[in-house]
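# Observations on the three-dimensional arrangement
Take a look at the letters that make up each chain.
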Amino acid sequence: MLLGKVIGNVWATKKEATLDGLRFLLIRPFTLGGDDSSEVVVAADPIGAGIGETVIVAFGRAARHTIGRGQDVGYQVAVVGIVDYLTLENGVPFEL
Amino acid sequence: MLLGKVIGNVWATKKEATLDGLRFLLIRPFTLGGDDSSEVVVAADPIGAGIGETVIVAFGRAARHTIGRGQDVGYQVAVVGIVDYLTLENGVPFEL
Amino acid sequence: MLLGKVIGNVWATKKEATLDGLRFLLIRPFTLGGDDSSEVVVAADPIGAGIGETVIVAFGRAARHTIGRGQDVGYQVAVVGIVDYLTLENGVPFEL
Amino acid sequence: MLLGKVIGNVWATKKEATLDGLRFLLIRPFTLGGDDSSEVVVAADPIGAGIGETVIVAFGRAARHTIGRGQDVGYQVAVVGIVDYLTLENGVPFEL
Amino acid sequence: MLLGKVIGNVWATKKEATLDGLRFLLIRPFTLGGDDSSEVVVAADPIGAGIGETVIVAFGRAARHTIGRGQDVGYQVAVVGIVDYLTLENGVPFEL
């Protein structure tokens, strides 16, 4: 899965019917070494992540399962967890 | 899903039969930080997005569902929403 | 799907049985802004694209459907259309 | 599959129910030529890899199979093996 | 599919049960224009490719089909062909 930071909300009026009522977040992938990613992904969020939080994002069947409306839907990326913290080599929590 | 801007239309006469009658758009992924993406994707569009609009693009089963012709088809990328606006950290709508 | 230019043919004698009798093309993804992609993909081609032509390439179930030998096969990328031309913002056909 | 080094653990309290009780690792893809990857992936780990170990990571159905809780789950990336060593052209084990 | 060169073997003692008895190769994607890829993929190889050979690599269901142990397995990348040669624009075989 992807680790990323929530950087915004995506608003769309004209959309596939199965997207109705879902929140869509703009997520910037987490990178190491100081270079910010210039890429973003859009994920449906059933968990309630806020801007600035770090999340785990899943794709495909896992994302559809997480939303809970079956597999015949028009999205395939979803937030599946909100990260509290990371522990790296030294076991010290990493600031997110 | 991918966030991207519609930059063109793709015309193909010789194509897999299940592509007949679909509009195919050329989409440039949205990037942060000023560097334009040099990559493009081709997506079937059942929603009617125009050039210059920002769209949400889904892949795989989600894309096929959105087109509505079943799963035994020759495409796997589709526009699933037209983005009205983004709100970033400050809650202010972001110009697209 | 991917938009790319056919740049070569791939010949393989030792291969998974379901690849027999298929043409495999080497395809360079189309990029914007002057930088040629250094990546390539290999796609099965049931349509008959020639070197120098621009094609739409699909992945996964869509690719297997396009080849028409069922889903229990050893390939998952295929040419699904040959592009005649692109129209960009100004509506003028783009030279391929 | 991906070859990567385990660089941390990911802790999430709020998460999709099927993620409960799984370990999630932060993994940096292995690269050649001296440039470290700045990307990371998050993988469920049923095997018990430790920080600093090199692992094989699988995606999609393979990952869900490896976890062994069926296919209706909210994750799609998993550690499927811990690498002992690599042998390169000269047959000499490569230090990981 | 991916075109790549076999650059090594991957050895793992602790692994998902369905990986037992398979050879795992380290493969460097083929690139154009002189820049070697720094990325690698790990693929199961049922065909017997050797170090230095160029291979076609498939993903997902195609890879699992090629291995021939069904779909409930812990891998999703496989070598599906060994490339004899490429022919580029001029029809001349390309040295691999």
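Coordinates for the structure precede this section.
Since the structure is predicted, the reported quantities are computational estimates derived from the model, not experimental observations.

### Comments concerning the overall build of chain A
The secondary structure content of chain A amounts to 1 helix and 6 strands. When its helices and strands are written in sequence order, chain A yields β-β-β-β-α-β-β. Seen through its principal axes, chain A has C-alpha atoms that stretch 45 × 25 × 20 Å. Per-residue burial for chain A yields a buried fraction of 58% across its 96 residues. Here the analysis covers contacts within chain A between residues at least 6 apart in sequence; of these, 50% occur between residues at least 24 apart.

### Describing the interface of chain C and chain E
Between chain C and chain E, the contact holds 30 residues from the first and 24 residues from the second. Carbon and sulfur atoms supply 59% of the area that chain C and chain E bury against each other, a total of about 2400 Å² over both sides. On the chain C side of the interface with chain E, the three residues burying the most area are C:Trp11, C:Lys14 and C:Gln76, jointly 23% of the side's total. Our count for the chain C to chain E interface comes out at 1 salt bridge.

### Some words on the side chain of D:Asp45
Residues and elements named next belong to chain D. Structurally, the position occupied by Asp45 is in the loop between strand E3 (41-44) and strand E4 (54-59). Residue Asp45 is classed as buried on the basis of its relative accessible area of 4%. Polar side-chain contacts of Asp45 include one of 3.1 Å to the backbone nitrogen of Gly48. Residues within four places of Asp45 in sequence aside, it is in contact with Arg23, Leu25 and Val79.

### Section: the pattern of salt bridges
By the definition in use, this model includes 15 salt bridges over all chains. Residue B:Arg61 is joined to A:Asp72 by a salt bridge in which the shortest nitrogen-to-oxygen separation is 2.9 Å. Placement of the pair is B:Arg61 in helix H1 (residues 61-67) and A:Asp72 in the loop between helix H1 (61-67) and strand E5 (77-87), with the two residues belonging to separate chains. On the basis of relative accessibility, which here comes to 30%, the residue B:Arg61 falls in the partly exposed class. In this structure A:Asp72 comes out as partly exposed when scored by relative accessible area, which is 46%. Close ionic contact of B:Arg23 with B:Asp45 constitutes a salt bridge, the shortest N to O distance being 2.7 Å.

About the cut-offs
Note on numbering: residues in each chain are counted from 1, in written sequence order. All chains are assigned letters beginning at A, and all ligands numbers beginning at 1, according to the order in which they are written. Local features in this predicted model are restricted to residues of pLDDT 70 or higher, and side-chain atom pairs are both shown and tallied only at a pLDDT of 80 or more, whereas totals for entire chains, interfaces and linings draw on every residue. The side-chain quantities take in all heavy atoms of the structure and omit both hydrogens and water. Per the convention used, a helix needs a DSSP run of H or I reaching at least four residues, while a strand needs a run of E reaching at least two, with both numbered from the N terminus. The classification of residues rests on relative accessible area computed with a 1.4 Å probe and restricted to protein chains. Under 20% of the type maximum is buried, over 50% is exposed, and intermediate values are partly exposed. By definition, residues are in contact when any of their heavy atoms lie within 4.5 Å. As a working definition, buried area equals the accessible area (1.4 Å probe) given up by two parts on being put together, with both sides summed. A pairing counts as a salt bridge when a side-chain nitrogen of Lys or Arg comes within 4 Å of a carboxyl oxygen of Asp or Glu. Counted as a polar contact is a pair of N or O atoms within 3.5 Å, where, for protein atoms, one must be capable of donating a hydrogen and the other of accepting one, and residues adjacent in sequence contribute only when both atoms are in side chains.

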